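Structural description and commentary
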Amino acid sequence: DANYQVVAGMVDIDNIIDYVVAQAFIGNTSWVHNIRAWRPRTPDGKWQWLLFDLDRGFRTINFDAVADMADRFLLFGSLLENQSFRDLFLIRFLDYLNDVFLPDRTVPILDSMAANIEMEIPHHIERWKTHCNRRVCGIPAVQHWENNVSAMRNIVQSRPDIVRQQLL
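Because the structure is predicted, anything quoted here is derived from the model rather than measured.

**Considering the overall build of the protein chain**
Helices and strands together make up the secondary structure of the protein chain, namely 8 helices and 4 strands. Secondary structure elements in the protein chain, listed N-terminal to C-terminal, are α-α-β-β-α-α-α-α-α-β-β-α. Summarising its shape, the C-alpha atoms of the protein chain cover approximately 60 × 35 × 25 Å along the three principal directions. With 168 residues in all, the protein chain has 35% of them scored as buried. Contacts spanning at least 24 positions in sequence make up 73% of the contacts within the protein chain whose residues lie at least 6 apart. Looking at the protein chain as shown, the accessible area adds up to about 10400 Å², and 54% of this sits on carbon and sulfur atoms. Distance between charge centres in the protein chain, computed from 17 positive and 21 negative side chains, equals 8 Å.

Structure representation (structure tokens):
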């Protein structure tokens, strides 16, 4: 508990929980090389984390990001050893799962975002169809994009229950 209090004096605990919750719900498999943190340059400034580069999120339905982050994000894994932090983390994550991340809320957001860019997808395909990076080329057809959006919709709908099981 004494060590936890020292860390809590340097780290915005609510922020690191929100950061891990977001990464875990999204199932971002590339979080480990996309960590961004900052702190106000004041005597009492605490470290905070920023979500950055989430392009590998909502791709893998069963990815256990909490376990991965507990294992590979030393600060988070160490914080989980403290019962007070662990309880706070679980309660906050479950609150998000029971409200913010409910499919009745997230699916309309996804559909709205897809609708906002749908008219640009043919232009995007034309512009990037021959651009390849690591053997992966741009979106080959509108149907491919629609299939990706459909897969994301399935993940968004299924993820709350999957994450609840992972938290157990």
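**Focus: the packing of aromatic side chains**
Under the definition given, this model contains 11 aromatic pairs. Each ring, one from tyrosine 19 and one from phenylalanine 73, has its centre 6.4 Å from the other, and the planes form 85°; the classification is edge-to-face. Of this pair, tyrosine 19 sits in helix 2 (residues 13–26) while phenylalanine 73 sits in the loop between helix 3 (65–72) and helix 4 (74–79), placing them 54 residues apart in sequence. With centroids separated by 6.1 Å and ring planes inclined at 40°, the aromatic side chains of tryptophan 31 and phenylalanine 73 adopt a geometry described as tilted. Linking tryptophan 31 in the loop between helix 2 and strand 1 (36–38) with phenylalanine 73 in the loop between helix 3 and helix 4, this pair joins segments that are 42 residues apart in sequence. According to the relative accessible area criterion, tryptophan 31 is buried, its value standing at 0%. On the basis of relative accessible area, phenylalanine 73 is assigned to the buried category, the value being 8%. Within the aromatic cluster, the residues linked to one another by ring pairs are Tyr4, Phe76, Phe85, Phe89 and Phe93.

**Some thoughts on a nonpolar patch on the surface**
Residues Val6, Met10 and Trp47 make up a contiguous nonpolar surface patch of roughly 290 Å² in combined accessible area. In this fold, methionine 10 is placed in the loop between helix 1 (2–8) and helix 2.

**Some details on helix 6 (residues 103–117)**
The terminal C-alpha atoms of helix 6 lie 21 Å apart, and with 15 residues this matches the ideal 21 Å at 1.5 Å per residue to within 8%. Of the positions making up helix 6, those classed as buried are Thr106, Val107, Leu110 and Ala114. Down the axis, helix 6 shows its buried residues gathered within 100° of arc, on one side only. Facing away from the buried surface of helix 6 by more than 90 degrees, the exposed residues are Asp104 and Asn116. On its buried side, helix 6 packs onto helix 8 (142–167).

**Digging into the nonpolar core**
Residues Ile13, Phe73, Phe76, Phe85, Phe89 and Phe93 are the most contacted members of the largest nonpolar core, which totals 35 residues. Elements represented by at least two residues in this core include exactly helix 1, helix 2, helix 3, helix 4, helix 5 (83–97), helix 6 and helix 8. Among all residues touching phenylalanine 89, those that are not within four sequence positions of it are Ile17, Val20, Val21, Val66, Phe76, Leu80 and Leu167. In this structure, Ala114, Ile125, Ile139 and Val149 belong to the second largest nonpolar core, which totals 6 residues.

**Here's the deal with helix 5**
The end-to-end C-alpha separation of helix 5 is 21 Å, in line with the 21 Å expected for 15 residues at 1.5 Å each. For helix 5, the side-chain oxygen to backbone nitrogen distance between the N-cap and serine 84 is 3.0 Å, and the N-cap itself is asparagine 82.

Scoring rules and cut-offs
- Residues numbered from 1 in each chain as written.
- Predicted model: local features only at pLDDT ≥ 70, side-chain atom pairs only at ≥ 80, totals over all residues.
- Heavy atoms only, no water.
- Helix = DSSP H or I, 4+ residues; strand = E, 2+ residues; numbered from the N terminus.
- Buried < 20%, exposed > 50% of the residue type's maximum accessible area, 1.4 Å probe, protein only.
- Contact = heavy atoms within 4.5 Å.
- Areas by Shrake-Rupley, 256 points an atom, 1.4 Å probe, with all protein chains shown as cover.
- Lys, Arg positive; Asp, Glu negative; His and termini not counted.
- Charge placed at Lys NZ, Arg CZ, Asp CG, Glu CD.
- Phe/Tyr/Trp six-rings, centres within 6.5 Å; stacked < 30°, edge-to-face > 60°.
- Patch = residues over 30% accessible without salt bridge, like charges linked within 9 Å, V, L, I, M, F, W, Y side chains within 5 Å.
- Salt bridge = Lys/Arg side-chain N within 4 Å of Asp/Glu carboxyl O.
- Expected span 1.5 Å × (residues − 1).
- Arc of directions from axis to C-beta.
- Core = buried A, V, L, I, M, F, W, Y, C linked by side-chain atoms within 4.5 Å.
- Polar contact = N/O pair within 3.5 Å; in protein donor to acceptor, adjacent residues only side chain to side chain.

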